[in-house]
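# Chains, contacts and geometry: an overview
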Amino acid sequence: MEDDDGQDYVDKSRVLNVQPLRCLAPIFPSTPSFPSFPHPQAASPFMCPPPAGHFPPGFASFYPFSGYPDSHNMQTPMPFGFNGSIPAVPINSFRSGANGDAGSSGRSSRNPGPSQYEEEDCHSDWVHVNEGEDSSKAATKKKRIPKRVRAGSGQDINVASSDVDVDAMVDKIVESFNLMDFDAFKRADGDKDSVGYIRMIYDLLRRKLSQIEDSKESTPGVTRRPDLRAGTILMNKGIRTNVKKRIGVVPGVEVGDIFFFRMEMCLVGLHAPIMAGIDYMGLKVSQDEEPVAVSIVSSGGYEDNSEDADVLVYSGQGGNINNKGMEITDQKLERGNLALEKSLHRGNEVRVIRGVKDIANPTGKIYVYDGLYKIQESWVDKGKSGCNVFKYKLVRLSGQPEAYTVWKSVQQWKDGSTGRVGVISHDLTSGAESIPVSLVNDVDDEKGPSNFTYYPGLKYLKPVNSNESSTGCGCHGGCLAGNSSCPCIQRNGGNLPYTTNGVLVSQKPLIHECGSSCICPPSCKNRVCQSGLKIRLEVFKTKDKGWGLRSWDPIRSGAFICEYAGEVIDITSAEELRCVNDDDYIFDATRTNQSGEGFLNASNETLKIPFPLIINAKHAGNVARFMNHSCSPNVFWQPVLRENSKECDLHIVFYAYRHIPPMTELTYSYGIVPPDRADQRRKKCLCGSAKCLGYFY
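Residues numbered from 1 in each chain as written. Predicted model: local features only at pLDDT ≥ 70, side-chain atom pairs only at ≥ 80, totals over all residues. Heavy atoms only, no water.

Once that is clear, we can look at the pattern of salt bridges. Counted according to the given criterion, the structure contains 31 salt bridges. Among the salt bridges present, the one from Arg-246 reaches Asp-189, with a minimum N-O distance of 2.9 Å. Of the two residues, Arg-246 is situated in the loop between helix H5 (226-236) and strand E6 (258-259) and Asp-189 in the loop between helix H3 (184-188) and helix H4 (192-214); the sequence distance between them amounts to 57 residues. The exposure class assigned to Asp-189 is partly exposed, which follows from its relative accessible area of 43%. Residue Glu-334 pairs with Arg-335 through a salt bridge whose shortest N-O separation is 3.6 Å. In this structure Arg-335 comes out as buried when scored by relative accessible area, which is 5%. (Salt bridge = Lys/Arg side-chain N within 4 Å of Asp/Glu carboxyl O. Helix = DSSP H or I, 4+ residues; strand = E, 2+ residues; numbered from the N terminus. Buried < 20%, exposed > 50% of the residue type's maximum accessible area, 1.4 Å probe, protein only.)

Here the focus is helix H7 (residues 335-346). End to end, H7 covers 16 Å across twelve residues, agreeing with the expected 16 Å (1.5 Å per residue, within 8%). Counted residue by residue, H7 has ten buried out of twelve residues, so it is predominantly covered. In the core, the buried residues of H7 are packed alongside strand E7 (278-285), strand E8 (288-298), strand E10 (311-315), strand E11 (350-357), strand E12 (365-382) and strand E13 (388-396). Positioned one or two residues after H7, Gly-347 has a phi angle of 75 degrees, which is positive. (Expected span 1.5 Å × (residues − 1). Contact = heavy atoms within 4.5 Å.)

In this section: the sheet that holds strand E22 (residues 566-569). Strand order in the open sheet made by the four strands is E17-E22-E24-E23, with mixed pairing throughout. Two strands close off the open sheet at either side, each with one partner strand: strand E17 (458-460) and strand E23 (586-588). Neighbour to neighbour, the strand axes of the sheet diverge by 30 degrees on average, direction disregarded. Pairing between E23 and strand E24 (residues 614-616): three bridges, direction antiparallel. Paired with Phe-587 across the bridge in E24 is Ile-615. Helix H10 (residues 571-579) contacts E22, E23 and E24 of the sheet and is inclined by roughly 110 degrees relative to E22. (Pairing = 2+ DSSP bridges. Axes fitted to C-alpha atoms, helices over the stretch in contact; angles between N-to-C directions.)

This paragraph deals with the packing of H4 against H5. Relative to each other, H4 and H5 sit at 130 degrees, their axes nearing to 9 Å. Considering the angle they form, H4 stands oblique to H5. Handedness of the crossing formed by H4 with H5: right-handed. Each of Ile-201, Tyr-202, Leu-205, Arg-206, Leu-209, Ser-210 and Glu-213 in H4 lies in contact with H5, whose residues at this interface are Pro-226, Asp-227, Arg-229, Ala-230, Gly-231, Ile-233 and Leu-234. (Parallel < 35°, antiparallel > 145°, perpendicular 65-115°, else oblique. Left-handed = near helix turned anticlockwise from the far one by under 90°.)

Attention now goes to the sheet that holds strand E28 (residues 649-656). If you trace the four strands from one edge of the open sheet to the other, you get E18-E27-E28-E21, paired in mixed fashion. Single-partner strands in this sheet number two, and they are strand E18 (511-513) and strand E21 (560-563). Geometrically, the sheet is characterised by an average inter-axis angle of 40 degrees between neighbouring strands, direction not taken into account. Judged from the eight bridges that link them, strand E27 (residues 635-642) and E28 form a sheet pairing that is antiparallel. Counted as the bridge partner of Gln-638 is Val-653 from E28.

Take unusual backbone geometry next. The phi dihedral of Arg-335 is positive, around 50 degrees, even though this residue is not glycine. Within the element layout of this structure, Arg-335 appears in helix H7. Of note in the backbone geometry, Ser-430 takes a positive phi value of approximately 55 degrees without being a glycine. One can find Ser-430 in the loop between strand E14 (423-425) and strand E15 (438-440).

With that out of the way, let us pick up the environment of Lys-408. Structurally, Lys-408 is set in helix H8 (residues 404-415). Here Lys-408 falls in the partly exposed class, since its relative accessible area comes to 34%.

The space that makes up the second largest pocket amounts to roughly 1500 Å³. Every residue lining the second largest pocket is counted, 48 residues in all, and those nearest its centre are Lys-192, Glu-254, Ser-632, Asn-634 and Arg-658. For the lining of the second largest pocket, the elements supplying multiple residues, two or more each, are H4 and H8. Considering every element that reaches the lining of the second largest pocket, the biggest residue donor is H4, with eight residues. Classifying every residue of the lining of the second largest pocket gives 20 nonpolar, 16 polar and twelve charged. (1 Å grid on protein atoms, 1.4 Å probe; cavity = no way out; pocket = protein on both sides within 12 Å on 5 of 7 lines; lining within 4 Å. Points joined across faces, edges and corners; volume = space filled by probe spheres on them. Nonpolar A, V, L, I, M, F, W, Y, C, P; charged D, E, K, R; others polar.)

If you want it as structure tokens, here you go:
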């Protein structure tokens, strides 16, 4: 059809009442014990015979084949579609290729399976995930046969092979988090604590699975996906929250939160589809049900664009636009597209997650929850392919904290298109670090810390003899995760403490890094904290806590931030400074961590300090001296010993406790003093945390 100008257009009013042609959620009749089925008024009984044969691993018979589900037992995974929930069963496969929701059902000819569902997105081609083990059966199977399936990029993806008893490992992690009180109510409706627990458990499990895979020989053409495997395991065990889909705010998820994996968003109920860009649910209207959008992910793979930071023009799903080798067609007003159209007319809020490029990982993305938007208008446009593409203009609701706007501002500071307000110095380090550290004050007229010299390392006034002999390693090309004969790996319990991308797997009593007695190169994967800063930091003036530290870059949980630099002093000198109240810049490793910092430690082991290390950074130090105390910190410290045959080379290193968005203040717990010093003067705490004790030492 053409308008007066001869331009093609689609009369959407003629198809607005079209229901989705296909839906992932099966429609079953209601029952008195489960009144919230998709169609409560359905009267006809379900007449399909039950499936024959054995269920695949990880699946069990479900309603209506095995009776009605118990709506009160939230620990029992529900089939997809019940009560608007996302699947709590092993994930078989995903199909990507659009900003949309579920694609057509089908089986891969390379990996036929008894039951598969596919989802579309704009991130990649075919991505198949192996079936997980049912938790009740996994304990009896310590060795699993690797299952490989094919990706459209020509790579096999193996996410299930392991010789480790993963189920026992998961139980140990869950036990360390003390989730006995994580009941059905928190699974249904979360809060900040429950969301935080789920995300930390997921990331710890994902890193441990990465560590296991790193120790194996790589197989040509095989891509391992510990992110998908970890999520599948936790879903099967019911370790998730905000299971029920909802419009608007998700309890416990805050505007500005960042996610490095789609599985994270699924586990906390922010965005259910693992690969799809549009998440929607059925909403009952009179006697019928219509789809409405609840969240979208704009990851840049489609023809999305932003007029400004608070306006997003989002492209619809379908049309095979990103499916190589397939004919590109007009998009249809169905599924996710129809849900967005219905949301336009209903005026409901839609959660928007922005996908941005991960600078540290060129092939990865970081997902930023940008808050609630409303769809203002929609139209059909000609895409780059010449086919019709649905467009939806979404406008951000006012009064929400800044999120994506911060990312845009930081990018402008980096490329020089906009100047940073309040800059005193563009590089506080005067070239001592490979990455500059800005000094900023937009609060008052103070021009920076006085009587301070930037120094990036430790100054030992006298050498500390090592109690253990160290010969170092002979790994000429660098330590390899699978090299069990490497002495540095042996000292770390048989594994490298870091994943391939340099993320700390978990807290340990003591980390052994390669040092001066090793012949491996500076690029060795066991020298993570020895090459200086890797992120762009900023020392800034706070309103009531003096100077503070934050990052322009997003920081991944477990990532190295910096070490504590300064002058190593003895206990006597430290006590003298405390007596005259001159200990503001002293780091005392003899203190113990507060309870809030132990979540990365699945073994619950206490830290091991070879000798009482105390560092004074008042006159000489690095960025770590500017980190303030918090009773709910986002950074933790870890003792790291570098292999040295002559003397003890001990360092205090800081890592991210959880994912940290840009321009968020970095804080750690100053710890608890030993009992013999408990009478020390307490200092007033101004961290503002909901768990603030009101003081620190």
